[in-house]
Amino acid sequence: RYLPFNDPEAAYRTVKEFGGRKGVCGFMVTSPRYKPVHDNAYMKTYALIEEMGLPISFHAAYNWNDQGLAMTNRFISVHALGFMWFNMIHLTNWIVNGLPERFPKLKVMWIEAGLTWAYSLAQRLDHSYSMRVSDAPQLKRRPSEYMQEMFFSTQPMEMPKDKSILEATFKMLKAETQLVWSSDYPHWDFDLPGVIYDLPFLDETAKRNILGGNAARLFNLDPTPVKNIPPVATRKR
C-alpha cells in the first residue's frame, strides 16, 4: 500500500486503516522526496508498521527537478544517477539516526535502484563511522551490519563482465537471505529470472531464496506451491 509520505498524519492514518486488511502485505514510499525519514513525525508510523509485522519499502526513481540531476542533459545520466540518489540519502539517514536500533523488528526494503550503490555506500558509511562514532551515538554496530539485515530488490541488477565483482556485492549484502528478485516487466530494462538462476556462484538454495523464498519471508507469504490450478485457457471467467 502506497504511503502519502509528504503528510505524516495521512501516512499514519493510512497504516491504521489498511494495515490489517486482506491483501495488504506492506507499505511503500516513493523515494524522490525531500522529507527526512528520521523526522519525529514519522516515528509513530514506523512503530505501528513494526507492531503489525509488516515491511516498509522505499521505491527509487528520479526527479528531473532535483538541482543536481538538472545539470545532466541525457536520459542515461539521470537514469544511472537518479535511481540511486534518493535511496542513498534515505538509507543513510535511516541508519545514521539510529532507526534500526529504535525499530529492530521493522523490515525495510529498498526497491529498483540496483545493487552497486548499496555495496559502495556500505563501505563508505563504515569508513566514515569508524572516524566519527560520535556522530551516530545510537548505533551499536557498523552501518554495513544494519544494511545486511535490510532487503534489496535486484532490478535493474548491474551485470559486470567480471562476475567476481557481482559475487562480492552479493556477499556484502548477504544476498542469499536479503535479496529479492524482481522483473519490472514490461519496462525496457526488465530482468528475467535467468539473471539470478544463471549465476555460477550461487547454489540451489540461494537461487530459490532470491527468486521467491526471501520475498515470502519479507511479506509473510505462504511459500507452499499451489496445486491443481487449471490452465488459463480453461478457467471460468
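Above this text you will find the structure in question.
Treat the numbers as computed from the prediction; the structure is a model and nothing was measured.

Colleague: I would appreciate a short explanation of the side chain of T169 in the present structure.
Modeller: The residue T169 is located in helix α7 (residues 163–172) in this model. The exposure class of T169 is buried, given its relative accessible area of 3%. With residues up to four places along the chain from it excluded, the contact list for T169 reads L115 and Y119.

Colleague: Explain the environment of G68 to me, please; I cannot follow it from the model alone.
Modeller: With respect to the helices and strands, G68 occurs in the loop between β2 (56–59) and α3 (75–96). Separated by 10 residues in the primary sequence, G68 and V78 place their C-alpha atoms 9.7 Å from one another.

Colleague: Is there a simple way to think about the pattern of salt bridges in this case?
Modeller: Between side chains of opposite charge, pairing is possible as soon as their charged atoms come close. Scanning all chains against the criterion turns up seven salt bridges. Across the pair R132 and D135 runs a salt bridge, and its minimum N-O distance is 2.9 Å. Measuring nitrogen to oxygen at the nearest pair gives 3.2 Å for the salt bridge that ties R142 to E145. Note on R142: relative accessible area 45%, which makes it partly exposed. Look at E145 and you get partly exposed, because its relative accessible area is 25%. Bridged by salt links that share partners, the residues D126, R142 and E145 form one connected network.

Colleague: Could you clarify how one ought to interpret the packing of α3 against helix α5 (residues 116–131) in this entry?
Modeller: Relative orientation and spacing of two packed helices are given, respectively, by the angle between their axes and the distance between those axes. Interhelical geometry of α3 versus α5 gives an angle of 35° and a closest axis separation of 11 Å. Relative to α5, the crossing made by α3 is right-handed. Along the contact surface, α3 presents M84, N87, M88, L91 and T92, while α5 presents T116, W117, L121 and L125. Tallied by class, the residues present in the contact of α3 with α5 amount to six nonpolar, three polar and no charged.

Colleague: Explanation requested: the packing of aromatic side chains in the structure shown.
Modeller: The description of two aromatic rings rests on the distance between their centres and on the angle between their planes. For the structure shown, the criterion picks out 15 aromatic pairs. Seen in terms of ring centroids, Y46 and F103 are 5.8 Å apart; in terms of plane orientation they differ by 75°. Their pairing is edge-to-face. Of this pair, Y46 sits in helix α2 (residues 43–52) while F103 sits in the loop between α4 (99–102) and β3 (108–111), and the two are 57 residues apart along the sequence. Judged on exposure class, the residue Y46 and its partner F103 are both buried. When the centroid spacing of 5.5 Å and the interplanar angle of 65° are considered together, the rings of Y62 and F83 count as edge-to-face. With Y62 in the loop between β2 and α3 and F83 in helix α3, this residue pair connects regions lying 21 residues apart in the sequence. Looking at Y62, the relative accessible area reads 28%, which means it is partly exposed. Here a set of aromatic residues connected by ring pairs shows up, and it is made of F5, Y42, Y46, F58, W94, F103 and W110. Its end group placed over the ring of Y12, K44 keeps NZ or CZ at 4.6 Å from the ring centre.

Colleague: When you look at the sheet that holds β2 in this model, what are you seeing that I'm missing?
Modeller: Two pairing modes exist for strands in a sheet, parallel and antiparallel, and in both the strands are linked by backbone hydrogen bonds. Taken together, five strands build an open sheet; the order of strands is β1-β2-β3-β4-β5 and the sheet is parallel. Each having just a single partner strand, β1 (27–30) and β5 (179–180) make up the two edges of the open sheet. Across two bridges, strand β4 (residues 151–153) lies against β5 in parallel orientation. When the sheet's bridge partners are listed, F152 is paired in β5 with L179.

Colleague: Explanation requested: a nonpolar patch on the surface in the structure shown.
Modeller: A contiguous nonpolar surface patch, about 390 Å² in accessible area, is contributed by W64, F75 and W188. Locating W188 in the fold gives a position in the loop between β5 and α9 (194–197).

Parameters and conventions
Residues numbered from 1 in each chain as written. Predicted model: local features only at pLDDT ≥ 70, side-chain atom pairs only at ≥ 80, totals over all residues. Heavy atoms only, no water. Helix = DSSP H or I, 4+ residues; strand = E, 2+ residues; numbered from the N terminus. Buried < 20%, exposed > 50% of the residue type's maximum accessible area, 1.4 Å probe, protein only. Contact = heavy atoms within 4.5 Å. Salt bridge = Lys/Arg side-chain N within 4 Å of Asp/Glu carboxyl O. Axes fitted to C-alpha atoms, helices over the stretch in contact; angles between N-to-C directions. Left-handed = near helix turned anticlockwise from the far one by under 90°. Nonpolar A, V, L, I, M, F, W, Y, C, P; charged D, E, K, R; others polar. Phe/Tyr/Trp six-rings, centres within 6.5 Å; stacked < 30°, edge-to-face > 60°. Lys NZ or Arg CZ within 6 Å of the ring centre and 35° of its normal. Pairing = 2+ DSSP bridges. Patch = residues over 30% accessible without salt bridge, like charges linked within 9 Å, V, L, I, M, F, W, Y side chains within 5 Å. Areas by Shrake-Rupley, 256 points an atom, 1.4 Å probe, with all protein chains shown as cover.

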